[in-house]
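# A look at the structure
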Amino acid sequence: MTSLALLAAAPPLAAQRRPVPAPASVLGFVPGTDRKLVEWERIVAYFRSLDAASDRVTVREVGRTTNGAPLVVAFISSPANLAQLAALGEIQRQLADPRLVRDSASAERLVRRGKAFVLITSSVHSTEVGGFFSPLEVAYRLATGTSPEIRAILDRTVIMLVPSLNPDGVSIVARWYNQTLGTGAEGTDPPELYNRYTGHDDNRDWYAFTQVETRLVVDSLYDVWHPQVALDLHQQGQYGSRMFVPPYLDPVEPNVDPLLLAGDNALGLAIAWRMTADGFTGVAVSSLYDAWTPARAFPHYHGAVRILTETASANLASPVTVPFDSLRPGAGLDPRAAAWNYVAPWTGGSWTIGDIVRYQTAGVMALLDQVATTRELWLRDARRVAEHAVRGWDGWPYAYVIPAAGQNPLALGTLLEIFRHAQVEVRAALGAFTIGRERFYPGSYVVVLRQPYAAFAKAVLERQTYPDLREYPGGPPRRPYDVTAHTLPLLLGVRVVALADSLPVALSAPLTTAPPVYRAAGLANDIANQRPAVRVAVYRSYAASPDEGWTRWVLDTWKVPYQSVADSTIRAGNLAAQFDAVILPSQDPRAILNGLPAERYPARFAGGLGPEGVRALRNFVDAGGTLIALNETCDFAIGALDLPVSDVLVDVPPRDFYGPGSILRLQLDPDAPLAAGMPPQTIAWFEAGPAFEVRDPTRVRVVARYPGDPGEILLSGWLLGASRLAGKAGLVEVRRGRGRVILFGFQPQYRGQSLATYPLLFNAIRSAQH
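Presented here is a report on the structure given in the accompanying data block. (Residues numbered from 1 in each chain as written. Predicted model: local features only at pLDDT ≥ 70, side-chain atom pairs only at ≥ 80, totals over all residues. Heavy atoms only, no water.)

### Focus on the packing of helix α6 (residues 104-113) against helix α13 (residues 375-391)
Contact geometry for α6 and α13: axes closest at 9 Å, N-to-C directions at 140 degrees. The angle between α6 and α13 falls in the class oblique. In terms of crossing hand, the pair formed by α6 and α13 is right-handed. Contact residues: α6 offers A107, E108, L110, V111 and R112, while α13 offers R375, E376, L379, R380 and R383. Grouping the amino acids of the contact of α6 with α13 by side-chain chemistry returns four nonpolar, no polar and six charged. (Axes fitted to C-alpha atoms, helices over the stretch in contact; angles between N-to-C directions. Helix = DSSP H or I, 4+ residues; strand = E, 2+ residues; numbered from the N terminus. Parallel < 35°, antiparallel > 145°, perpendicular 65-115°, else oblique. Left-handed = near helix turned anticlockwise from the far one by under 90°. Contact = heavy atoms within 4.5 Å. Nonpolar A, V, L, I, M, F, W, Y, C, P; charged D, E, K, R; others polar.)

Printed below as a string of structure tokens:
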């Protein structure tokens, strides 16, 4: 059910029936108290108590999380606005699509009648625990405040407050923290991912929409209410600024409307100005964080200004002391020196969860005050952004054509499903037509870049050229904040053709397509308790790795049975009697071997695989097992199992080679069983991975290698030193004893997106079948 339907089904708003509860009355302590965390059900209980007591707050559940917790949103506004919320939502819908209201006079009337919708999201990263409590403090102030500023916010805006984008993680982190309070592990990260599948990557999902939480927020909030402003509360490390707000650093993804970037800049600077005036120090702008990828910035592709705040962390809810001389420089910022983008340095000292809540709350209130003061500006500019998109931009293709024939139906279905979530209209060609020398037939899919969310479509369909940014002229590369490529046709293995001019044939109305149903042939279990075709183990380190979570997500989604195994299971040995294949997801080799530090963590979580685990893996392979190592973990496998393969990129400095999350070209051996069903060329998601040189060709089969011409390697993103990859192996199969080790020098299951290379992983698993 959509949010509009949920609100329509709700009972009429009642007058206040009881005093509005303060957060402490439900939590048992004031938000921001040292060493106090609560699980998600207490957060929800507070918002439900607000709903019951205040006619300014309406709380609705938009769905259930991966682990079954309620994901809730609080609509906060004046009673009059909440009473006509459906009508205000209709104004939002019409402003978001200029094709619905074409004349400027009618649009201006909508602007005068409408309210600025602000979406506030928090604690997607669950170790950023200040975000558990700042939404409670903000909601309480708005529910009880009587100042002219508060009344103006309530009258002129509708706030959609999502207390957590990752409710499961709130409970995971709180439970761990409370269990370890007063021990050596107090303030440490939990020994598991704080999202079942993604961990810290849960906010890298905003263009693939693989996770249920992402889809709930997009489908129920962005797609229904079309907010003009989106604010996302985060935390950063302890040793930089106390808080970041935009402007963002370069580079900016080139498809973002300049008007949205101007809004980012103006609103971020207004927040920094207001907080500085109110005595907050250490507030930085234009540092550390860029606006390159839609993976973290969906609002930019859905007509909204995006404000990211990053507040310095403590040790979860435990206070820290940060001496001034321990502060460390970062991109665009030295926190020990005043500058135009850091006008009032923080002088060091104690830093607590209370400080985090105080800074975050002040930032939220400054944003809301600014948006309320300039309400019409935000609505009018949102309309202009939509008009730009519908009109089309000079230099853009007219459309992208996606042939229906000759495509992997699951990959094609995945792309169409992504567009459905993003509200990108996909139409069908009603006749045949030609582009260049290629003939396209009726039923070909067409994405015309003359629609409200065309920027999203273009950003994910085209290839990225990330700028060559250096720390200083001639120096090492300046590290991107995240990865540099997001080209879905390459990742999925779907062919897409750009069309410069309009089509010579008619198009259908926008299509509605069914979501794909995934199943790995020959591996998927369709019958409960059926013995799996291959007995698969996935190594699950207590030094939790997001790649391990993504591996499980892919296997679960494609219905491949497996068993998660921790350090103790592997150290115990006898693996060949239990498993045919063991998968080692990508992780720093030192973390695999050494694990979590014994001086901080309980013994059952400390130590990694250690020598016993290495010996057990050797015995497993020698006895006929198949070990599958992904990306970084290959270097661990090479050393631990003494494989006749070298990683040619070991110890190469970034100045000489750098591939920070890019899509590369791979050439496959068509006769290799691991390449069965694959085209001669595919892609590799390359991110901090190895490249192989074979030392003993009698024991090693090269399944895939990079092109010999360095100029042919990079497909999308950024790559320095391509000559070091030229002709080198990216996927090898190594014989040892009676078994094999399969080394993937890339991530074949990258963030649940790289369907183009899933078959390589599934073939590797199938090959272990006895």
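### Topic: the packing of helix α5 (residues 85-96) against α13
Angle between the axes and distance between the axes: these two values describe a pair of packed helices. Running from amino to carboxyl end, α5 crosses α13 at an angle of 40 degrees, the nearest separation of the two axes being 8 Å. In this view, α5 runs oblique relative to α13, as classed from their interaxial angle. Each of Q94, L95 and A96 in α5 lies in contact with α13, whose residues at this interface are L379, R383 and A386. Here the contact of α5 with α13 is composed, by residue class, of four nonpolar, one polar and one charged.

### A few points about the packing of aromatic side chains
Where two aromatic rings form a pair, the distance of their centres and the angle of their planes describe that pair. Applying the stated rule across the entire model yields 32 aromatic pairs. Between the aromatic rings of W558 and F762, the centroid separation amounts to 5.5 Å while the plane-to-plane angle is 50 degrees, which identifies the pairing as tilted. Residue W558 is located in the loop between α17 (546-557) and β20 (563-565), and its partner F762 is located in helix α22 (residues 758-766); the two are separated by 204 residues in the primary sequence. F762 carries the same exposure label as W558, and that label is buried. (Phe/Tyr/Trp six-rings, centres within 6.5 Å; stacked < 30°, edge-to-face > 60°. Buried < 20%, exposed > 50% of the residue type's maximum accessible area, 1.4 Å probe, protein only.)

### Examining the sheet that holds strand β5 (residues 229-236)
Pairing within the open sheet is mixed, and its eight strands lie in the order β1-β2-β4-β3-β5-β10-β6-β8. This sheet does not close on itself; its edge strands, each paired only once, are β1 (57-64) and β8 (283-285). For this sheet, the mean inter-axis angle between neighbouring strands, taken without regard to orientation, is 20 degrees. Where strand β2 (residues 70-76) and strand β4 (residues 157-162) come together, three bridges link them in antiparallel fashion. The residue bridging I76 from the neighbouring strand is I159, located in β4. Those strands touched by helix α10 (residues 212-225) are β1, β2, β3 (116-122), β4 and β5, and its axis lies near 135 degrees from that of β1. (Pairing = 2+ DSSP bridges.)

### Some thoughts on unusual backbone geometry
Note that the residue after P246, namely P247, is joined by a cis bond; omega there is 15 degrees. In this structure, P247 sits in the loop between β6 (243-245) and β7 (249-252). The residue after D250, namely P251, is reached through a cis peptide bond having omega 5 degrees. As for its position among the elements, P251 is in strand β7. The phi dihedral of F209 falls on the positive side, at around 55 degrees, and the residue is not glycine. Structurally, F209 is set in the loop between α9 (167-180) and α10. With relative accessibility at 3%, the residue F209 sits in the buried group. One non-glycine residue with positive phi stands out, namely D651, at about 65 degrees. Positionally, D651 belongs in the loop between β23 (645-647) and β24 (660-668).

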